[in-house]
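In case you want the letters, here they are:
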Amino acid sequence: MAPEPGPFFNPQKQNMLKRIAPLLIALLFTSPFLSAQKRIGNETAEQKQKRMEWWTQDRFGMFIHWGLYALPARHEWVKNHERLTNADYEKYFKLFNPDLFDPAAWAKKAKAAGMRYAVLTTKHHEGFNLFDSQFTDYKATNTPAKRDLVKEFVEAFRAEGIKVGFYYSLIDWHHPDYTIDEVHPQRPLVDSDSAYARLNKGRDMAIYRKYLYNEVTELLTKYGKIDILWLDFSFPGKYGKGRDDWGSVDLMKQIRKLQPGIIVDNRLDLNDYADGVDFETPEQVSPKELEKYRGKTWETCQTFSGSWGYYRDENTWKTHRQLLDLLITSVSNGGNLLLNVGPTARGEFDSRASHALDSLSHWMHANDKSIYGCTYAPAAFKVPENTKLTYNPVTKRLYVHLFEYPSGRLVLPGYKGKIKYAQFLNDDSELKYKPDPANPDDLVLELPEKKPDYEIPVVELVTEYK
Ligand code: GLC
């Protein structure tokens, strides 16, 4: 006789458990915790740190958005915004003639501004190649420019000792096999499966995927050592695109194979792979928002104005102070700044961009020690009022950025016994200090009445003689 089921035995529940057990196991194996262990290669954490070392030291780079969209001069997304067809866009291809293009002059400007790496759009979403590819005719060599502009960029920037990076758009609004999605210029007016099916008849992403793979391969084999690859961007979803569309895993394997030292951004939709991302890319965020990236590996990319490509009539340009704030705040939270220039269709930085870069040059010439090799300050140093701190862990110097110039005195809260010497960074002139009679743990730094000739002057505090 079968035993009487006990009070806790419920056959219905048991059956259900049996049924959902495989589901529970499957869930466990795909949980974010376990899937974070997925890997594409087998680089160790130490090897990765070594590979990323120069980048985390250099902190400041130039982004360059340049393509056919410089001609309409009203945003690099103009093809999308105005739903232009390839035929509408053809005039820009026919007329692209950057007669003033002088990459050596760009490189000199970048170097003077203290930028130590540069990332150029080899192809943006419009699909036009600034380089000479054997896989397309839609390239600079077939415009009145008649030459490989990427090659000239690489040579000029390398000659100035600036590291070289390639931006390459995963998205392509020109390729005939690239399927129409929600951000494509020819997207339907109303989203529906049937509308997309109709528009995509005859298009084959497998062909585009191969093209993308081939072009990235060309970029990583024809131009010597490439330091950064900035792929842009994934937008998974019903009418979007992600890793399967790009073939991201295979692409990443190929990238690592061809250029083992290269640093790759986070826009391939590989976030759940332990080695699918080298750095995060908070775009156009405010200095305040950068605080939450502390402890991660990241680079914020920012424009001078609202657009990445040259935009003649866009006039909301960031001020010198705002640009400095972005640079200092990035470093004071352990990150990099990639600051964008959108050259004109004639191939020049316009006067607004040139002026902004010149102002940065003035500041960086005197104050770059508070940027290179620096990161956030140890917790033992409180942030004095109206300042932001950076710290160089090798030289053990602390940098106090004076956002509001306090004429006369600055209180360094709780700094007693923690510093050995103080000076202005721009001229190494001594700044005297003494304990605050009101609170002997604090130090009071004596500052001249007149603010040094820098928008944000920097005090350098020596915490150890090294
Ligand atoms: C966005 C935009 C693009 C720009 C990029 C830079 O993804 O689509 O125009 O190139 O940001 O981060």
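Above this text is the structure in question.
Let me begin by describing the structure that accompanies this report. (Residues numbered from 1 in each chain as written. Predicted model: local features only at pLDDT ≥ 70, side-chain atom pairs only at ≥ 80, totals over all residues. Heavy atoms only, no water.)

### Re the overall build of the protein
Along the protein, the regular secondary structure elements total 14 helices and 14 strands. Summarising its shape, the C-alpha atoms of the protein cover approximately 90 × 80 × 40 Å along the three principal directions. Considering only contacts in the protein between residues 6 or more positions apart, those separated by 24 or more positions represent 71%. Positive and negative charge centroids in the protein, built from 63 and 63 side chains respectively, lie 3 Å apart. (Helix = DSSP H or I, 4+ residues; strand = E, 2+ residues; numbered from the N terminus. Contact = heavy atoms within 4.5 Å. Lys, Arg positive; Asp, Glu negative; His and termini not counted. Charge placed at Lys NZ, Arg CZ, Asp CG, Glu CD.)

### Concerning the site of the ligand
Around the ligand, 14 residues are found, and the nearest of them are His65, Glu76, His124, His125 and Glu283. Residue His124 places a side-chain N or O atom 2.8 Å away from an oxygen atom belonging to the ligand. Out of a free accessible area of 310 Å², the ligand has 94% covered by protein chains. Broken down by class, the residue content of the shell around the ligand amounts to seven nonpolar, three polar and four charged. (Near = heavy atom within 4 Å. Polar contact = N/O pair within 3.5 Å; in protein donor to acceptor, adjacent residues only side chain to side chain. Areas by Shrake-Rupley, 256 points an atom, 1.4 Å probe, with all protein chains shown as cover. Nonpolar A, V, L, I, M, F, W, Y, C, P; charged D, E, K, R; others polar.)

### Some remarks on the packing of helix H6 (residues 103-112) against helix H7 (residues 149-159)
Where H6 contacts H7, the axes come no closer than 8 Å and their chain directions differ by 40 degrees. Put simply, H6 runs oblique to H7. Crossing of H6 over H7 shows right-handed handedness. Residue-level contacts link Pro103, Ala104, Trp106, Ala107 and Ala110 of H6 to Glu152, Phe153, Ala156 and Phe157 of H7. Looking at the contact of H6 with H7 residue by residue, the classes come out as eight nonpolar, no polar and one charged. (Axes fitted to C-alpha atoms, helices over the stretch in contact; angles between N-to-C directions. Parallel < 35°, antiparallel > 145°, perpendicular 65-115°, else oblique. Left-handed = near helix turned anticlockwise from the far one by under 90°.)

### Section: the packing of helix H13 (residues 320-332) against helix H14 (residues 351-367)
Two elements in contact, H13 and H14, have axes whose closest approach is 10 Å; the angle formed by their N-to-C orientations is 55 degrees. Relative to H14, the element H13 lies oblique. Along this stretch, H13 crosses H14, giving a crossing that reads as right-handed. On H14, the residues touching His320, Leu323, Leu324, Leu327 and Ile328 of H13 are Ala356, Ser359, Leu360, Trp363 and Met364. Taken together, the residues of the contact of H13 with H14 break down into eight nonpolar, two polar and no charged.

### Considering the sheet that holds strand S13 (residues 439-446)
As summarised here, the arrangement of the three strands in space is S10-S13-S12, forming an open sheet in which the pairing is antiparallel. Looking along the sheet, the strands with just one partner apiece sit at the ends: strand S10 (409-412) and strand S12 (433-436). Between one strand axis and the next, the sheet turns by 35 degrees as a mean value, whatever way the strands run. With four bridges joining them, S12 and S13 adopt antiparallel strand pairing. Across the sheet, the residue bridging to Pro435 is Leu443, located in S13. (Pairing = 2+ DSSP bridges.)

### A word on the pairing of strand S9 (residues 397-402)
With respect to burial, S9 is a largely interior element, five of its six residues being buried. Here six bridges tie strand S8 (residues 387-392) to S9, and the two strands are oriented antiparallel to one another. When the sheet's bridge partners are listed, Leu389 is paired in S9 with Val400. Of the strand pairs in this sheet, S9 and strand S14 (residues 458-462) are connected by five bridges, and their pairing is antiparallel. Bridge assignment links His401 to a residue of S14, and that residue is Val458. (Buried < 20%, exposed > 50% of the residue type's maximum accessible area, 1.4 Å probe, protein only.)

### Some remarks on the layout of surface pockets
Considering only enclosed or pocket space, the largest pocket measures out at about 390 Å³ in volume. Lining of the largest pocket is provided by 16 residues; of these, Gln49, Met52, Thr56, Arg59 and Thr297 occupy positions nearest its centre. Looking at the lining of the largest pocket, its residues break down into four nonpolar, seven polar and five charged. (1 Å grid on protein atoms, 1.4 Å probe; cavity = no way out; pocket = protein on both sides within 12 Å on 5 of 7 lines; lining within 4 Å. Points joined across faces, edges and corners; volume = space filled by probe spheres on them.)

### Quick look at the side chain of Glu299
Along the polypeptide, Glu299 turns up in strand S6 (residues 299-303). Here Glu299 occupies a buried position and makes no salt bridge, while the nearest side chain of opposite charge, Arg267, is found at 7.8 Å. Within polar-contact distance, the side chain of Glu299 engages the side chain of Tyr117 at 2.7 Å. For Glu299, the residues in contact, after removing those within four places along its chain, are Trp55, Tyr117, Trp230, Phe279, Glu280, Thr281, Pro282, Asn336 and Leu338. (Salt bridge = Lys/Arg side-chain N within 4 Å of Asp/Glu carboxyl O.)

### Some remarks on the packing of aromatic side chains
Within this structure, the stated rule accounts for 28 aromatic pairs. Relative to Trp308, the ring of Phe63 has its centre 5.6 Å away and its plane inclined at 75 degrees; by these criteria the two rings are edge-to-face. With Phe63 in strand S1 (residues 60-64) and Trp308 in the loop between S6 and H13, this pair connects stretches of sequence that are 245 residues apart. On the basis of relative accessible area, Trp308 is assigned to the buried category, the value being 8%. Considering the side-chain rings of Phe93 and Tyr138, the 5.1 Å spacing of their centres and the 25 degrees angle between planes classify their relative orientation as stacked. (Phe/Tyr/Trp six-rings, centres within 6.5 Å; stacked < 30°, edge-to-face > 60°.)

### Examining unusual backbone geometry
Trans is the prevailing form of peptide bonds, just as negative phi is the prevailing case for residues other than glycine. Along the chain, Asp232 connects to Phe233 via a cis peptide bond; the corresponding omega equals -15 degrees. Tracing the chain through its elements places Phe233 in the loop between strand S4 (228-232) and helix H10 (243-246). One non-glycine residue, Arg59, adopts positive backbone phi at about 65 degrees. Mapped onto the elements of the fold, Arg59 is located in the loop between helix H3 (45-58) and S1. Taking relative accessible area as the criterion, Arg59 reaches 5% and is therefore assigned buried.

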